[in-house]
Amino acid sequence: MKLDRSYFKEKHTGKKPESQYTICCNQLVDRDILNKNNKDDYELMEGYCEASLQQHTAIDHIKIECCEECGRLIKYVSVLTQTRDNWK
Ligand SMILES: [Zn+2]
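About the criteria used
- Residues numbered from 1 in each chain as written.
- Predicted model: local features only at pLDDT ≥ 70, side-chain atom pairs only at ≥ 80, totals over all residues.
- Helix = DSSP H or I, 4+ residues; strand = E, 2+ residues; numbered from the N terminus.
- Buried ≥ 20, exposed ≤ 12 C-beta atoms within 10 Å, placed from the backbone.
- Pairing = 2+ DSSP bridges.

Chemist: Quick question: what am I supposed to make of unusual backbone geometry here?
Modeler: If a residue is not glycine, its phi is most likely negative; likewise, a peptide bond is most likely trans. In the Ramachandran plot, N26 falls in the positive-phi region, its phi being about 60° despite a non-glycine side chain. Along the chain, N26 turns up in the loop between α1 (5-13) and α2 (39-55). Of the residues examined, N26 has 11 C-beta atoms within 10 Å and is grouped as exposed.

Dropping the structure here:
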């Protein structure tokens with residue numbers, strides 16, 4: 001028999017988990033992921049972007065892509081400065 005997290009979740013809550021993944025963005029439901037709707041999480045996301053901008057001068061700006069439905073962080077997109085300097 002298989003004892004995984006969903007087994008124990010079902011055992012404790014008494015209900016079967018519908019899905020481990022969100023329907024809107026296909027992220028693991030239990031995954032502790034940053035969410036733009038959470039003020040603290042958003043601060044962390046901004047902090048990540050600020051640190052990246054400071055470390056990599058080639059990055060012009062960073063786009064934070066979140067799920068439209070639930071606000072979960074999908075990915076960061078770094079947009080490079082369009083100069084020849086990047087190709088040295
Ligand atoms: Zn979502």
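On we go.
Chemist: How should I be thinking about the pairing of strand β1 (residues 59-66) in this particular structure?
Modeler: Each regular strand carries side chains that alternate between the two faces of the sheet. As paired elements, β1 and strand β2 (residues 73-80) share 7 bridges and run antiparallel to each other. Within the sheet, the bridge partner assigned to I59 lies in β2 and is L80. Taking the residues that link successive antiparallel strands as the turn, the β1-β2 hairpin has 6 residues, and the phi of G71 there is positive, at about 85°.

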